[in-house]
Every structure is written in structure tokens, then in C-alpha cells.
Amino acid sequence: MIRFDQVSKRYEGGHEALSQLSFEVAAGEMAFVTGHSGAGKSTLLKLIALIERPSHGQIVVEGQSLAKVGRGGIPKLRRRLGMVFQDHRLLMDRTVFANVELPLTIGGIAPAERSRRVRAALEKVGLLAYERQLPDSLSTGEQQRVGIARAIVARPAVLIADEPTGNLDPQLAVEIMGLFAEFQDIGTTVLVASHDLPLIKRMHKRVVVLDHGRLVADIPGEEVL
Amino acid sequence: MTEKAAPRSERSQARRFAGWREHHGWSAAASLRRLGGRPLGTLMTVAVLGLALALPLAFYLLLANVQSMGNALGQNPAVSVFLKTDQAGAQANLLAGELRGRADVAAVTVKTPQQGLDELATLQGFSGAVHALDDANPLPWVLVVQPRTGLDAAAVDKLVESLRGERAVDLVQDSSQWRQRLDALLDVGHRAVLVLAGLLALAALLVVGNTVRTDIASRSEEIGVLMLLGASRAFVRRPYLYAGIWYGLFGGVLASLLAMAIELALAGPAAELDRAYGGRLMLGALPWWLLLAVPLAAAVLGWVGARLVSAWQLRKAA
């Protein structure tokens, strides 16, 4: 579950990225956050991952108020989230397997268990055959799928994705979104920031629309045409 | 009776400990691989550390040997009392007897003018001069006074002063004075070595710190990813701490090897010097424990340097 309650974010220099934003994504729900460039989509995700702190208001993730998470608690919170980035953020000098394994190594999971879970995650995104390869040898779409496998391998309760299909062709983008929907089906809360309206429409999921940091529309999945 | 299964929290703690231990192993191996991946840079850093740490070791070796030379040559400090040339053997023996009765005197040896002349003749370059004297002997009677063992410098000074006050005495030479001066000089030397070692240890710390800083800066992207994935600072800095340990350890091993090489290079001349003094000098090598302690201390130093820098760098990255 993710809840924003009257959240504002003003950066140094005065730019207000989010203003009085309130909405809630229920546990196990999938929602899109959309809006033009600069609408505040990325800031919203950064606030959830505690990369940034809100200037005002309260954010609750999985029942925990982020205002109460101190500096030392940030890693623990991030270990409960799965994050997918537009630029994948893979470590190019490590194999696909090692990249996907990272959250489990960080979480102190035993090697045998890690190996089992990494293979399961890679199988889920259809890249088990590439486990020994370096990310450089994969296509952009495959690299994004490695990023997704890494985000879900630790079985996070919440999955957030920032423009995960930004560099992909439409067919691949649909496949990736299909993967997110599958994670929602097994109870993961999924929040995807995207400006790809045709793709969002195809998914028939809830859409939160931002404009200049303000919530201008909150459309339920069944009303998305 | 069947054993009860460990509670869930204990199992989870054991798993976490196993993971922590495994990450230590991985960090140690990965940092070593990274060092091996850029051999020239690693060699340069290790060489600088090795030279910096070998320098105080070499000075320590020098001072230790000068000290043992001083100990060997100054084992029996004596006060030479030269009587006036008009004093005869009877007066010399009389004064010797009086001195033997003193509590601060251990022994008195009487040297005749002839014995003095014979000793002089054995010294290189003096035999011609001694022969030129014909039968005339200008040397006085000499009493060699051995102060009692354990007498402090002030008591020896007092003894010397009282000997100078004797009517029959022309000159008193205190051979223990050079030993005192040497000891004072060695004290200064020891202090200088400590200061030098401290400064060079600081330099080693800065060298490791700077190398690790560059290392962290070059991997800032990876660090950013790890932190986004929930890695703690301890987790992120672990490989860099091991890098610091490796740099220190290898630098320390090189320093010990260099010190041993210096010892080896000086072994020949030192043995000749020792022979010249009849094997009394007891010149020694660096103790084995010191050669082992240097790499270990350097590893700790490397760890400290890496720890300080990584804490600072990662605070910026967080």
C-alpha cells in the first residue's frame, strides 16, 4: 500500500515539483502515474524510495510513515521495494546472474537460496539462458527485463518503475507491462510512472494524472479507454 | 528424545550471519581481484607504502646496533687518574690503597709508566715516537679506578671530583662520560625515529586513503545502484576496506623485505667491524616479531585510511 497525504515537494531554488498531492494505491493494486515532462512523476517515485524527502505532508508505504524513517532506516526500507529504472542501472562488469542476485546478497540471503531465486526471476522474464552473459551483450529490451528481474527477485511488496518502457519498441513495451501486471496478480503493489498514453490505455489499469505537480485526474482502470 | 528445532528468529540470525560472513569473503576476494586488475597502479601504491614504512625500520636497525655497540664497549666504564710526573710508585700504591677502601670504588689497577709506554707502542703510528724517546719515559703513574656497579651518574661525578681534589693527581679522565653522551644521543635518535615513524605512518594512511578515494570515485555509479537497492553503508564500503587492508599488508611485507635486504647488505661490513672489536659488539638483526608486526600494523593502517575516506565519501553519496 502507498498513501500520499497532502504531499508537497519544493526543491532548493524554489521549484515546486509536487503540490498538495493526495492519493492511495491499495495493496496488490497496479496504477500508472502519468503527465507531461516535469509533471512530477519522477519526484513522486523518488519520494517513495526516500531518494528525496517531502517538504510537506506525509507518505506511508506498507503501513510505515516515511517521515519516521531515519537515515539508518533507508536501506531497510529500500530492501522492501522493487525499483525499475528507465536506464536499467545495471552493473556492466557483472553478469546478468550477478546483477539479479544483488538485492539478495544485500539482504543476506544464503547462496543456495539466492541461486534458486535468481533463476526463478530470470525464468519469469525469459532470460534464464543469458545468466552468464554481461549486460552489454544484451539488447535494450533484454537489459530492461534484467532490471525487472532484479526488482522482483527479493519478492518486494511494492514495485515502482520510472518510465520502464521509455527506450523500447511498442511490442516490447507491451510485454514489459504484461510482466508488471503478472506481479500485481500475485499480490505486489505496482506503481508505474509513464508518459506513454497509448500503452497505458491498453493496460486498463488505474491512472493518476499529474500536471505541474498537482493531481488533475484519478481514473479507475475500468474507465480507461 | 528429539532435538527441538531452533526458533525462527535464531535461524534467521544464523542465516544473516552466514550471509554477512560470505559477503566478507566476497569483498576480500573482489577487492584483491580489482587490485590485480590494475597491476601498475597497485604496484606504485604498494611501493610507496613499502618505502615509507621501511625507512623507520632502517633507522631502528641502525640505532639498535649503535646501542648494542655502546653497551658492548661501555660495559666497564673506568676513571683514569693520571698522577703528577714527580709522583713515585710508592705514592701511587698508597693512593690506590686509599681508594680501594672507598665504598663507591669497586677496583683500582695501578699502571706503571712502563706499562703505559708499552700500550702506547702497540697503537698504530706511535711505535716510532716511542722508540724516539730512547730511555726517557715522560708518562706518569696511572690509577684505573673502577666505580662500583650500579653507581648513578651523579655518584660517579662525585667520585671524579674527589679524585681531582687529590694532591698527587694531575688529570682525571672519566670514560663513562662518552657513554652518557652516547645514551643521550641515542635517546634523541629514538625519539626522532618515533616521530619519523609517526609521520610516515600518517603518509601511508594518506596514500591508502587517496587511492581508495579514487577507487570509490571511479565506482560511484555502482555505489549509487547498490544504495538504491538497499545496501547499507557498511555493505558498500566493505570491499574498499579490504582494499585498504591489502594495500597496507602488501606495503608492510615490502617494507619488511626491504629492511631485511638492508640488513643483508650491511651484514659483511658489520661482521668486519665486529671482528675488529674482538667480537664484542653483538651487532644484531631486526627481531622477527617486528618484521611480522610491520605488515600487520600496516594492514590496520590501511584499514583506518580506507575507513576514514570511505565514511566521508559515502556520506556524500547517500
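Rules used in this analysis
- Residues numbered from 1 in each chain as written.
- Chains lettered and ligands numbered in written order.
- Predicted model: local features only at pLDDT ≥ 70, side-chain atom pairs only at ≥ 80, totals over all residues.
- Heavy atoms only, no water.
- Helix = DSSP H or I, 4+ residues; strand = E, 2+ residues; numbered from the N terminus.
- Buried < 20%, exposed > 50% of the residue type's maximum accessible area, 1.4 Å probe, protein only.
- Domains from an automatic or database assignment.
- Contact = heavy atoms within 4.5 Å.
- Buried area = accessible area lost by both parts, 1.4 Å probe.
- Pairing = 2+ DSSP bridges.
- Core = buried A, V, L, I, M, F, W, Y, C linked by side-chain atoms within 4.5 Å.
- Patch = residues over 30% accessible without salt bridge, like charges linked within 9 Å, V, L, I, M, F, W, Y side chains within 5 Å.
- Areas by Shrake-Rupley, 256 points an atom, 1.4 Å probe, with all protein chains shown as cover.
- Salt bridge = Lys/Arg side-chain N within 4 Å of Asp/Glu carboxyl O.
- Lys, Arg positive; Asp, Glu negative; His and termini not counted.
- Charge placed at Lys NZ, Arg CZ, Asp CG, Glu CD.
- Axes fitted to C-alpha atoms, helices over the stretch in contact; angles between N-to-C directions.

**Looking at the environment of Ala88(B)**
All names here are of chain B. Note on placement: alanine 88 falls in the loop between strand 1 (79-83) and helix 3 (89-100). Using a relative accessible area of 38% as the deciding quantity, one classes alanine 88 as partly exposed. Along the chain, alanine 88 and leucine 151 lie 63 residues apart, while their C-alpha atoms are 31 Å from each other.

**Examining the domain arrangement of chain A**
Residue and element names in this part refer to chain A. The assigned domain composition of chain A is domain 1 (1-80 + 157-225) and domain 2 (90-155). Spacing between the C-alpha centres of domain 1 and domain 2 amounts to 24 Å. Each side of the interface is counted separately: domain 1 has twelve residues, and domain 2 has twelve residues. Regarding the contact of domain 1 and domain 2, the summed buried area is about 1,000 Å², with carbon and sulfur atoms giving 76% of it. Ranking the residues of domain 1 by area buried against domain 2 places Arg79, Leu179 and Phe183 at the top, with a combined share of 40%.

**Quick notes on the pairing of strand 4 (residues 56-61) of chain A**
Residues and elements named next belong to chain A. Alignment of strand 1 (residues 2-10) against strand 4, held across five bridges, turns out to be antiparallel. Within strand 4, the position partnered with aspartate 5 by the bridge is glutamine 58. Pairing geometry for strand 4 and strand 5 (residues 64-65), over two bridges, is antiparallel. Of the residues in strand 5, the one forming a bridge with valine 61 is glutamine 64. Between strand 4 and strand 5, which pair antiparallel one after the other, the connecting turn spans two residues, and glutamate 62 there sits at a positive phi close to 50°.

**Describing the nonpolar core**
Counting 39 residues, the largest nonpolar core has Phe32(A), Val100(A), Ile148(A), Leu159(A), Phe180(A) and Val192(A) as its most contacted members. For this core, the leading source of residues is helix 6 (residues 170-185) of chain A, giving eight residues. Split by domain, this core shows at least three residues from each of two domains, domain 1 (1-80 + 157-225) and domain 2 (90-155) of chain A. Sequence-distant contacts of Val100(A), defined by excluding residues within four places in its chain, comprise Val118(A), Ala121(A), Leu122(A), Val146(A), Ala149(A), Arg150(A) and Val153(A). Core analysis: the next-biggest nonpolar cluster, separate from the first, contains 38 residues, Leu35(B), Val225(B), Leu286(B) and Ala306(B) among them.

**Focus: a positive patch on the surface**
A surface patch of like charges, here positive, comprises Lys76(A), Arg79(A), Arg80(A), Arg15(B) and Arg16(B). Those elements that place two or more of their residues in the positive patch are helix 2 (74-79) of chain A together with helix 1 (8-37) of chain B. As for its position among the elements, Lys76(A) is in helix 2.

**Some remarks on the sheet that holds strand 1 of chain A**
Residues and elements named next belong to chain A. Ordered by their spatial adjacency, four strands build an open sheet running 2-1-4-5, and the pairing between neighbours is antiparallel. Two strands bound the open sheet, and with one partner strand each, they are strand 2 (16-25) and strand 5. Helix 1 (residues 41-48) rests against strand 1, strand 2 and strand 4 of the sheet, and its axis sits at about 115° to strand 1.

**Looking at the pattern of salt bridges**
Evaluation of the coordinates by the stated rule reveals 19 salt bridges over all chains. The salt bridge involving Arg206(A) is made with Asp218(A); its shortest N-O contact spans 2.8 Å. Taken together, the positions of Arg206(A) in strand 9 (residues 206-211) and Asp218(A) in strand 10 (residues 214-219) put the pair twelve residues apart, joining distant regions of the chain. A salt bridge links Arg164(B) to Glu161(B), with the shortest nitrogen-to-oxygen separation between them at 3.1 Å. Here Arg164(B) pairs with Glu161(B), and both are found in helix 6 (residues 153-164), just three residues apart, close to one helical turn. Relative accessible area serves as the criterion here: at 42%, Arg164(B) is assigned to the partly exposed category. Connected through salt bridges with shared partners, the residues Asp93(A), Arg94(A), Arg34(B), Arg219(B) and Glu222(B) form a single ionic network.

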